[in-house]
Amino acid sequence: MEEENDKNPETTVAPALISVHPTHKFVSAAVGSDLRVFNLQESCVVTLADESGGHKDSIRAIRYSANGQLFVSAGDDKLVKIWATDSWRCIYSVASEKRVSAVGISNDGMFVCFADKFGVMYVVDIEDHNVEDGVTVIKKGVPILSHYCSIITRLEFSPDGRFIVSSDRDFKIRVTVFPKNPVNGAHEIQSFCLGHTEFVSCLTFVGSQKYPLGLLVSGSGDSTVRLWDHTSGSLLDTCYVGAQAEFLPSDGKEEDILPAVTDLCATPDGSLVAVAIQSFYSNFSLPGLMLLRCNQSSKTLSVAKVVSIPGETFIPTSIGAASSAPVLWMVMGASGLHVSESASLARVRGISGFSTSASESLDLETLVLEDAEIPGGELLLQTLQGKLSIGKEAFSAAAEAVKTAMRNLLIKKQYSAERREFRKRGRNDMKGKQ
Amino acid sequence: MMEHEANANPSHSKITGLPRKRFYRARAHSNPLSDSHFPIPVSPSQVDYSVHYPQLFPSPDKFDGSKRIEFADVGCGFGGLLISLSTVFPESLMIGMELRDKVTEYVKERILALRASNPGQYENISVVRTNSMKYIPNYFEKGQLTKMFFLFPDPHFKEKNHRRRVINLHLLDEYAYVLREGGIIYTITDVEELGVWMNSCLKGHPLFGAVTKEELEADPVVKLLSSATEEGQKVARNGGQTFQAVYRRIVPYVSNCEMH
């Protein structure tokens, strides 16, 4: 296993993130500590209003509330910022003891949940939306549950709001009853969805009017996407995406290490799930996405199609979509780079036709959008990418960084026995014992 | 035959065939935060009953899930409690969970030796090396256990280490998950501060309710808490005091899990 360069802790490589407003009003991207928002409706850049001047370290999680009124960003600066999307002012700021790894917003917009590096999940009550203009209210989080000694990678609320689901790096998914008064803790575990054999990196719910309770979909480093009945914890189906995409190490010498699933996004009716796949160890990666068909009556997942991005080695680090528009947004990027031009890079692409899979026999009509065709056009790309065009050299340098960023995020650092002993020397309780 | 084997294997007593503790020395403390490398079942259905209870489940295919582990001794140490409980509840399957490698080996050897010298007995107990603070849901289904034991757990004196205590408000969620409604959690310690801590955690958790004094007096297990284990016997020898907290898994009437 590679060892991270301990000498430069400031140059942590963090993957770029993207999040889309539910009614396609805005698209946000986070690259390092930089939060960039574009107003699609009015085709203009959004200026963020924050007294403290934004995040001071890598942003690790962003998302919009289900009703689109709120936006949350959080990360390594141990701050959770809650923004009102009408004014794009930071209305609440929550300090966390440790760096934040995931955020979630309850469906009714009353609570924000976030998880820290100790595996503890906190809840913040933001019911009192009527805030004074211009003042960021400081709030405090209350711990409600924890994944002992594990890092929580995702938080998702079930469509009916009854449950909060949390996934961790130790292969587990916990489904907890989200109570009326979560500040008293969320103690009742509904189920554990156990089956993954590697870190669980992403979660999403598939639901529709016909199946309002929804089913849970998870992606993992074990190269599978799994479908669960979250109320019972039972595994309904497993899709071996890595194997299906025919990922084999090019030189044949390495072990058959299948690529990891890094992000998921479902259509509003839950019939299609877009899957981002990345190989951490070999140079073979799927430039693009895989689309899975989800059949909620037969409770199965199957590969519908592979969408490859021609012309560039585009490996998405984050994907997202609005419920109102059939465009799947993707970003590939990382911050903390050692490239001469800049310390970060982000490339945004879009795929149209991301909507209801009408029939299993028909081919999906998805189209990779060129820069000129993407909603918001060049101005959007300029805003979210930081610059319009990215040189090929910078791009390939970034590809390595992206790999490192995702790997560090999801896989626990392995130290050799020697290095572990060396690190122990710094511990206070070991001093004096020679 | 056993004598011949015992001669060849000095770590076991020649007379009783039981393993000698001297050869299984281990520190009292183990770090639950470090990831040791031992196999974990992916899910409770992957727990191999034929490995733990071979007499009862001769092969993995024969296991139909009709009988499942009901008692778990978390941090079972040298196995004293399991061995005492085995004959009191011969129909119940029990398992000890222990983080320390050498100690787990000792308990394994002890159980094997007891089975050999007492045919038909001790077939219902076993031990597994695991980190129960991380992996309890991997071993037990929802509501599977009827009894859970936490005897003389590591006190983790420093305040910054309190989060490593095996009984804390967060982990109680998981213990409540694997315990059946009405199932009992037994805790005991000789460290007063820890005793106060464990009691207040259990009292403050909505899914646990106190067990009455009458019930405690009537429960044959309660006496074993302080007498059955090496740790407990040591405390008694030194004339120390013990602090118990015994609670029942409840479903609260006015659930603070009301739906929206």
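See above for the structure.
Conventions and cut-offs
- Residues numbered from 1 in each chain as written.
- Chains lettered and ligands numbered in written order.
- Predicted model: local features only at pLDDT ≥ 70, side-chain atom pairs only at ≥ 80, totals over all residues.
- Heavy atoms only, no water.
- Core = buried A, V, L, I, M, F, W, Y, C linked by side-chain atoms within 4.5 Å.
- Buried < 20%, exposed > 50% of the residue type's maximum accessible area, 1.4 Å probe, protein only.
- Helix = DSSP H or I, 4+ residues; strand = E, 2+ residues; numbered from the N terminus.
- Contact = heavy atoms within 4.5 Å.
- Salt bridge = Lys/Arg side-chain N within 4 Å of Asp/Glu carboxyl O.
- Polar contact = N/O pair within 3.5 Å; in protein donor to acceptor, adjacent residues only side chain to side chain.
- Nonpolar A, V, L, I, M, F, W, Y, C, P; charged D, E, K, R; others polar.

Engineer: Just give me the short version of the nonpolar core, but keep the residues and values in it.
Structural biologist: Generally speaking, nonpolar side chains in soluble globular proteins are found buried as a group. Residue and element names in this part refer to chain B. Judged by nonpolar contacts, the single largest core of 43 residues is most densely connected at Phe 140, Met 148, Ile 167, Tyr 175, Ile 185 and Phe 208. For this core, the element with the highest residue contribution is helix H6 (residues 171-178), accounting for six residues. What Met 148 contacts, discounting residues up to four positions off in sequence, is Ala 72, Val 74, Ile 136, Tyr 175, Val 178, Leu 179, Ile 184, Ile 185 and Tyr 186.

Engineer: Can you explain the pattern of salt bridges? Please cite residues and give values.
Structural biologist: All told, the structure shown has 18 salt bridges over all chains when counted by the stated rule. In this structure, A:Arg63 engages A:Glu156 in a salt bridge whose closest nitrogen and oxygen atoms are separated by 2.9 Å. Highlighted residues: A:Arg63 in strand S6 (residues 59-64) and A:Glu156 in strand S15 (residues 152-157), separated in sequence by 93 residues. Exposure class is identical for A:Arg63 and A:Glu156. Each is buried. Where B:Glu123 meets B:Arg115, a salt bridge forms, and the shortest distance between an N and an O atom there is 3.6 Å. You'll find B:Glu123 and B:Arg115 in the same group, each marked buried.

Engineer: For the side chain of A:Gln190, give the residues involved together with the corresponding values.
Structural biologist: Tracing the backbone shows A:Gln190 in strand S18 (residues 189-194). Judged by relative accessible area, which is 16%, A:Gln190 ranks as buried. A polar side-chain atom of A:Gln190 sits 2.9 Å from the main-chain carbonyl oxygen of A:Thr231. What A:Gln190 contacts, discounting residues up to four positions off in sequence, is A:Phe163, A:Val175, A:Thr176, A:Val177, A:His230, A:Thr231, B:Lys142 and B:Tyr177.

Engineer: Report on the interface of chain B and chain A, specifying residues and quantitative values.
Structural biologist: Opposite the 30 residues of chain B that make contact, chain A presents 32 residues. Across the chain B-chain A interface, the total number found is two salt bridges. When the shortest N-O distance is used, the salt bridge between B:Lys134 and A:Asp170 registers 3.5 Å. Broken down by secondary-structure element, the contributors of at least two residues to the side of chain B that touches chain A are helix H5 (132-139) and H6 of chain B. Top contributing element to the side of chain B that touches chain A by residue count: H5(B), with five residues. Each residue belonging to the side of chain B that touches chain A can be placed in one class, and the counts come to 14 nonpolar, seven polar and nine charged.

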